[in-house]
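# Coordinate inspection notes
Each chain, letter by letter, is given below.
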Amino acid sequence: MTKLAIVTGAGQGIGEGIAHRLAKDGFAIAVADINGKTADKVTTDLVNDGYTAKSYHIDVADRERVFELVQKAVADLGELAVYVNNAGVAFIDEIVDSAEKDIRRLLDVNLLGTYWGTQAAAEQFKKQGHGGRIVNAASLAGVEASALQSAYSISKFGVRGITQAASKELAKDQITVNAYDPGIVRTPLRDGIDKRTAEIKGISVAEQQKNCLSEISLGREATPEDVAKVVSWFASPDAAYITGQSILVDGGMRYQ
Ligand code: ADP
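Residues numbered from 1 in each chain as written. Predicted model: local features only at pLDDT ≥ 70, side-chain atom pairs only at ≥ 80, totals over all residues. Heavy atoms only, no water.

## Let's talk about the packing of aromatic side chains
Evaluation of the coordinates by the stated rule reveals two aromatic pairs. When the centroid spacing of 5.8 Å and the interplanar angle of 65° are considered together, the rings of Tyr115 and Trp116 count as edge-to-face. Taking 5.6 Å as the distance between ring centres and 40° as the angle between the ring planes, the aromatic pair formed by Trp233 and Phe234 counts as tilted. The exposure class of Trp233 is partly exposed, given its relative accessible area of 33%. You can call Phe234 buried: its relative accessible area is 0%. When the ring centre of Phe157 is taken as reference, the NZ or CZ atom of Arg160 above it lies at 6.0 Å. (Phe/Tyr/Trp six-rings, centres within 6.5 Å; stacked < 30°, edge-to-face > 60°. Buried < 20%, exposed > 50% of the residue type's maximum accessible area, 1.4 Å probe, protein only. Lys NZ or Arg CZ within 6 Å of the ring centre and 35° of its normal.)

Spelled out as structure tokens, the structure:
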């Protein structure tokens, strides 16, 4: 029987890359995104490539809908094997200028969305009784907080926290919980970050991107595929003994 991988935020960027990679690895994919159009597009691409996939329109900040997502996807596509808490948002502002509604929304999506996903996936894995894999999107910004990204950074510090706590609680059920910490990945989210950062710093977007590039030891930005490879490994039999970890996928930025 095909095993199911649910990927949130799979409509574009890193999540799209993860959906394609896990499909290639043999999983049926639940493509879940708040943007129904992009989720449908990724699903069509996967199906056209001969993979099994279905699209789900969902806001991960809505706990009830997250539980519904798991139920629906299992009914549609089979036993849950992997749940990837990838959906995320970002905004750029100094702490003193950050708006309450932006901060609350970001924490609702990035942090609580991951919490709800962990709860819903763990419940399903326990019911099935064969273990499972939860993989969370943390960030380099959740290892070392970034200026202008305070809310994003604390949400990602929190994601590393839920990863560690859940790994301890769920190990007895053979459920592993790990995270990936991307540095700079060229996605629509990153385009927005660079544009707004450049605006605040009063420099051009090209200059902002050049400055970022100079901080990456390997001399290039990550692709969604670079990140997806780590998720693929966390989901594979080879990583059965790995839990509570987060892996930097930053081309050496952290330790430059
Ligand atoms: P990244 O660099 O993390 O890939 P993107 O903005 O390119 O960033 O992709 C993030 C994805 O997450 C988008 O497809 C977006 O629609 C999705 N997303 C954002 N917020 C939510 C949410 N609340 N629920 C589900 N998906 C979401």
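## As for the pairing of strand S1 (residues 4-8)
Summarising burial for S1: five of the five residues are buried, a large majority. Along S1, one buried face is formed by Leu4, Ile6 and Thr8 and the opposite face, lined by Ala5 and Val7, is buried too. Pairing between S1 and strand S2 (residues 28-33): five bridges, direction parallel. The residue of S2 that forms the bridge with Thr8 is Ala32. Handedness of the β-α-β unit built from S1, helix H1 (residues 13-24) and S2 comes out right-handed. (Helix = DSSP H or I, 4+ residues; strand = E, 2+ residues; numbered from the N terminus. Pairing = 2+ DSSP bridges. Right-handed = clockwise from strand over helix to strand, strands pointing away.)

## Digging into the UniProt feature "active site" (unreviewed entry) in the protein chain
In this numbering, the UniProt entry assigns the feature "active site" (unreviewed entry) to Tyr152. Secondary-structure assignment places Tyr152 in helix H5 (residues 150-170). Setting aside its immediate chain neighbours within four residues, Tyr152 contacts Val89, Ala90, Leu106, Asn110, Ser139 and Ala141. (UniProt positions renumbered as here; feature names shortened; annotations may be inferred. Contact = heavy atoms within 4.5 Å.)

## Details of the site of the ligand
Gln12, Ile14, Asp33, Asp59 and Thr187 are the nearest of the 18 residues found near the ligand. With respect to the ligand, the backbone of Ile14 contributes an N or O atom lying 2.8 Å from an oxygen atom. In this structure, Ile34 approaches the ligand through a main-chain N or O atom, which is 3.2 Å from a nitrogen atom. Broken down by secondary-structure element, the contributors of at least two residues to the shell around the ligand are H1, helix H4 (100-128) and helix H6 (188-201). Among the residues forming the shell around the ligand, the class breakdown is nine nonpolar, six polar and three charged. (Near = heavy atom within 4 Å. Polar contact = N/O pair within 3.5 Å; in protein donor to acceptor, adjacent residues only side chain to side chain. Nonpolar A, V, L, I, M, F, W, Y, C, P; charged D, E, K, R; others polar.)

## As for helix H2 (residues 36-48)
The end-to-end C-alpha separation of H2 is 18 Å, in line with the 18 Å expected for 13 residues at 1.5 Å each. Listed as buried for H2 are Gly36, Ala39, Val42, Thr43 and Leu46. Along the axis of H2, the buried residues cluster in a sector spanning 130°; they form a single face. Of the residues in H2, the exposed ones pointing more than 90 degrees away from the buried face are Lys37, Lys41 and Asn48. Buried-residue contacts for H2 involve H1, S2 and strand S3 (53-57). With a side-chain oxygen lying 3.0 Å from the backbone nitrogen of Lys37, the N-terminal cap of H2 falls on Asn35. Taken from the residues just after H2, Gly50 is the one with a positive phi, measuring 95°. (Expected span 1.5 Å × (residues − 1). Arc of directions from axis to C-beta.)

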